[in-house]
Amino acid sequence: MSPRAGQAGHPARTLAFVESPVQLLNVLEWAHLHGLHDPGPAEPSGPGRAEPDALSGADAGGAGAATASVPPPALPTQPGPAHIGPAQAGPVPAVPAQGRRLPAGVVAGGTAAGGAELTVVVLSPTDPMTRGQLRRMADLARDEGYRVRWEEARGGTTAPFHTIGGLAGSLRRADRIVMGDPFSRYVQLLLTITRARDLVVVDDGTATMEFVAQLARGERLVRWHRKGGRPGARDLLFAPVSSSARRRLTPSDRRRVEVFSSMPVTEIPDGVTVTANDFAWTRARFGPPRITQSADLVGTSLVETGVVDGDRYLEAVRNLAKAHGATRYFAHRRESAEKLHRLAAETGLEIVRPDLPLELIARRGPIGRTILSFPSTVVHTLPLALAGTGVRVAVCDIDPTWLTDTASPRAQGFLSGVTGTARDVHRLAAVSPA
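Residues numbered from 1 in each chain as written. Predicted model: local features only at pLDDT ≥ 70, side-chain atom pairs only at ≥ 80, totals over all residues. Heavy atoms only, no water.

**Points about the overall build of the protein**
Counting its regular elements, the protein contains twelve helices and 16 strands. Counting across all 434 residues of the protein, residues that qualify as buried make up 56%. Taking the contacts inside the protein whose residues are at least 6 apart along the sequence as the reference set, 74% of them involve residues at least 24 apart. (Helix = DSSP H or I, 4+ residues; strand = E, 2+ residues; numbered from the N terminus. Buried < 20%, exposed > 50% of the residue type's maximum accessible area, 1.4 Å probe, protein only. Contact = heavy atoms within 4.5 Å.)

Rendered as structure tokens:
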């Protein structure tokens, strides 16, 4: 999709809504490809919602509200990922500070070749690990020359009203809306306000595959691990907004829709433009990494989402690490501290809680020569981010016996599809008890 999406006489105004670090990473990849730039003086974040400083206070690893009144400097020196477990090797170095630089397509004076502008709006979640990674990614976005507007969108009962009210004017003026999670009720509600003719969905992991398939089939938008259950009262109440969002995300003579993805997209709805994300910005910005001789294991939040049994998962991790000589376990940001402490105690693995998305952590290194993973987004993204480094990505299937009684009927098929469609990875059989 061309950056020249605005009306004649003014640059295209783009609002990007993100709720996770991975979504913000993929917005940066999309903006890099299209040569967008900083739109100039920052807009206020609304009453009482000042833009936070980088990893201020408890948000580095705990809860807390942002209190900073001025934008932070780019990427201050700070500790790297947190480590749990017997192999306390110390923190991985933080992202190096660098001077503010011009994004692709920008010439001296701040004008992009396509005359496009970008403002990233962070709809901040409450989870402290996600908030911490988002703060770090927000620093990277500012360092690339983009404006970041941080919204405490879930900071109390009245927060949604303040957030939506404060964004209404920008939404009506925007020529393009970029979103990381079309399943988000927040995003679906914001879509009912905008008049933008261009809508872009950037990757939010494996959920992107399901979103495109549901759009192609004209189904209601439901996350894959919830599909099969009966809609609750909140689902029924929100159904009109969700239906409106699905209509707006369907291309028409008045609206163009782009999907920017590194995932395999097979069921492409009529009129939808699919653009490949090859992680060009990540490869240009980081690395190449130092490669160690050991293996690293990537964790998953399938236990936390109720798909996989916790005891079976721990047993699988133990056997996988033993079989392949893994020494580190990179935790998913939604994995519980209780589960991670148990993993450390019972497997001997060093548990690392990354302060950035794994694609950036792996690209800056050090990283194992082999990366082991269960079915997840990284089996699609890491081979792209680590192209040319010689690192091997191996994926272990989820055994049907690991699934919980409450797992969605579609869980096994969906997870198998994630593994089966991955490119440039080595496929492992499900590990068996020792």
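**Re the pairing of strand S14 (residues 367-373)**
With six of seven residues buried, S14 is to be regarded as a mostly interior element. Where strand S11 (residues 291-298) meets S14, six bridges bridge the pair, whose relative direction is parallel. Bridge pairing in S14 places Ala295 opposite Thr370. Both S14 and strand S15 (residues 392-396) contribute to a ladder of four bridges, which runs parallel. Residue pairing for S15: Leu372 is matched across the bridge by Ala394. Regarding topology, helix H11 (residues 378-385) serves as the crossover connection from S14 to the parallel S15, and that connection is right-handed. (Pairing = 2+ DSSP bridges. Right-handed = clockwise from strand over helix to strand, strands pointing away.)

**Some thoughts on helix H9 (residues 337-347)**
Turning to H9, its buried residues number three or more, namely Lys339, Leu340, Leu343 and Ala344. Buried residues of H9, seen end-on, are gathered within an arc of 135° and therefore sit on one face of the element. Turned more than 90 degrees off the buried face of H9, the exposed positions are Glu338 and Ala345. Directly beyond the C-terminal end of H9, a positive phi value near 80° is found at Gly348. (Arc of directions from axis to C-beta.)

**Some details on helix H12 (residues 411-420)**
Of all the residues in H12, the buried ones are Ala411, Phe414, Leu415, Val418 and Thr419. For H12, the angular spread of the buried residues around the axis is 140°, confining them to a single face. Buried residues along H12 sit against helix H5 (207-217), H11, S15 and strand S16 (426-428).

**Details of the packing of aromatic side chains**
Each aromatic ring pair is described using two quantities: the centre-to-centre distance and the angle formed by the ring planes. Tallied over the full model, the rule gives three aromatic pairs. The interplanar angle of 85° and the centroid separation of 6.1 Å between the aromatic rings of Trp281 and Phe286 together place this pair among those described as edge-to-face. Taken as a pair, Trp281 and Phe286 share a single burial class, namely buried. Aromatic pair Phe374 and Trp402: ring centres 6.1 Å apart, planes at 80°, arrangement edge-to-face. Of this pair, Phe374 sits in the loop between S14 and H11 while Trp402 sits in the loop between S15 and H12, and the two are 28 residues apart along the sequence. (Phe/Tyr/Trp six-rings, centres within 6.5 Å; stacked < 30°, edge-to-face > 60°.)

**Here we look at the side chain of Glu144**
Here Glu144 lies in the loop between helix H2 (128-143) and strand S6 (147-151). In this structure Glu144 comes out as buried when scored by relative accessible area, which is 4%. Of the polar contacts made by the side chain of Glu144, one reaches the side chain of Trp281; its length is 3.0 Å. (Polar contact = N/O pair within 3.5 Å; in protein donor to acceptor, adjacent residues only side chain to side chain.)

**Some details on the packing of helix H8 (residues 310-324) against H9**
As a packed pair, H8 and H9 sit with axes 10 Å apart at the nearest point and diverge in direction by 40°. When the axis of H8 is compared with that of H9, the two are oblique. Like other packed secondary-structure pairs, H8 and H9 cross with a definite hand, here right-handed. Between H8 and H9, the residues in contact are Asp311, Tyr313, Leu314, Val317 and Arg318 and Lys339, Arg342, Leu343, Glu346 and Thr347, respectively. Here the residues of the contact of H8 with H9 sort into four nonpolar, one polar and five charged. (Axes fitted to C-alpha atoms, helices over the stretch in contact; angles between N-to-C directions. Parallel < 35°, antiparallel > 145°, perpendicular 65-115°, else oblique. Left-handed = near helix turned anticlockwise from the far one by under 90°. Nonpolar A, V, L, I, M, F, W, Y, C, P; charged D, E, K, R; others polar.)

**Details of the side chain of Asp181**
Tracing the chain through its elements places Asp181 in the loop between strand S7 (176-179) and helix H4 (185-191). Within the structure, Asp181 has its side chain in polar contact with the backbone nitrogen of Phe183 (distance 3.0 Å).

**Thoughts on unusual backbone geometry**
Cis geometry marks the peptide bond from Gly287 to Pro288, where omega comes out at 5°. Here Pro288 is to be found in the loop between helix H7 (280-285) and S11. Here Gly365 and Pro366 are connected by a cis peptide whose omega angle stands at -5°. Among the structural elements, Pro366 can be located in the loop between helix H10 (358-364) and S14. Here the phi dihedral of Phe279 falls at roughly 60°; this positive angle occurs in a residue that is not glycine. Residue position: Phe279 is located in the loop between strand S10 (272-276) and H7.

**Regarding the environment of Asp203**
Here Asp203 shows up in the loop between strand S8 (198-202) and H5. Overall, the relative accessible area of 2% leaves Asp203 in the buried class. For the pair Asp203 and Met263, spaced 60 residues apart in the sequence, the C-alpha separation amounts to 7.8 Å. Setting aside its immediate chain neighbours within four residues, Asp203 contacts Val22, Gln23, Asn26, Gly180, Thr208, Phe260, Ser261, Ser262 and Met263.

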